[in-house]
Amino acid sequence: MNILNTQCIIAVAAVLFVIIMLLLAFGKHLKLLLKLVATGAALLLVTMLINVATAPLGIAVGINPATFSVLAILGIPGLVTLYAVQFL
């Protein structure tokens, strides 16, 4: 086994150790963050589908990081708000 393989194995072990320590220390926070990301991604997909249906009517919501943040934090009420703002 050459020195490069040994260094790669040590690097992978170190990364796994750090990931395990982060999960142990910040488990609840990571779970909340993963839940927010999953909610935002799912609602962003719903927003894209609604945009396809409502684009001929001239009603569409831009897809960008701000939209993702609103959807992730507020959920379905945020989705309704984004479309309600289009009528103001």
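These figures come from a predicted structure and were not determined experimentally. (Residues numbered from 1 in each chain as written. Predicted model: local features only at pLDDT ≥ 70, side-chain atom pairs only at ≥ 80, totals over all residues. Heavy atoms only, no water.)

1. Regarding helix α3 (residues 65–74)
- Taken together, the buried positions of α3 are occupied by T67, L71 and A72. Looking straight down α3, one finds its buried side chains confined to an arc of 130 degrees; they lie on one side. In this structure, α3 carries P65, I73 and L74 as exposed residues pointing more than 90 degrees from its buried face.
- Looking at the buried residues of α3, the elements they touch are α2 (27–54) and α4 (76–85).
- You can read the cap of α3 off the contacts: a side-chain oxygen lies 3.1 Å from the backbone nitrogen of A66, and it is on N64.
- After α3 finishes, the residue G75 shows a positive phi value of roughly 75 degrees. (Buried < 20%, exposed > 50% of the residue type's maximum accessible area, 1.4 Å probe, protein only. Helix = DSSP H or I, 4+ residues; strand = E, 2+ residues; numbered from the N terminus. Arc of directions from axis to C-beta. Contact = heavy atoms within 4.5 Å. Polar contact = N/O pair within 3.5 Å; in protein donor to acceptor, adjacent residues only side chain to side chain.)

2. Examining α4
- For α4, the set of buried residues is G78, L79, L82 and Y83. Buried residues of α4 fall within an arc of 135 degrees about the axis and therefore sit on the same side. Of the residues in α4, the exposed ones pointing more than 90 degrees away from the buried face are P77 and V80.

3. Comments concerning the packing of α2 against α3
- At their nearest, the axes of α2 and α3 sit 8 Å apart, and the two run at 120 degrees to each other. Of the two possible hands of crossing, α2 and α3 adopt the one that is right-handed. Contacts between α2 and α3 involve L36, V37, T39, G40, A41, L43, L44 and T47 from the first element and T67, F68, L71, A72 and I73 from the second.
- Here the contact of α2 with α3 is built from residues that sort into nine nonpolar, four polar and no charged. (Axes fitted to C-alpha atoms, helices over the stretch in contact; angles between N-to-C directions. Left-handed = near helix turned anticlockwise from the far one by under 90°. Nonpolar A, V, L, I, M, F, W, Y, C, P; charged D, E, K, R; others polar.)

4. Details of the packing of α2 against α4
- Where α2 contacts α4, the two axes come as close as 11 Å, and the packing angle between them is 30 degrees. Our classification of the angle between α2 and α4 gives roughly parallel. Crossing of α2 over α4 shows right-handed handedness. Of α4, the residues touching α2 (which contributes L43, V46, T47, I50, N51 and T54) are I76, L79 and Y83.
- A per-class count over the contact of α2 with α4 returns six nonpolar, three polar and no charged. (Parallel < 35°, antiparallel > 145°, perpendicular 65-115°, else oblique.)

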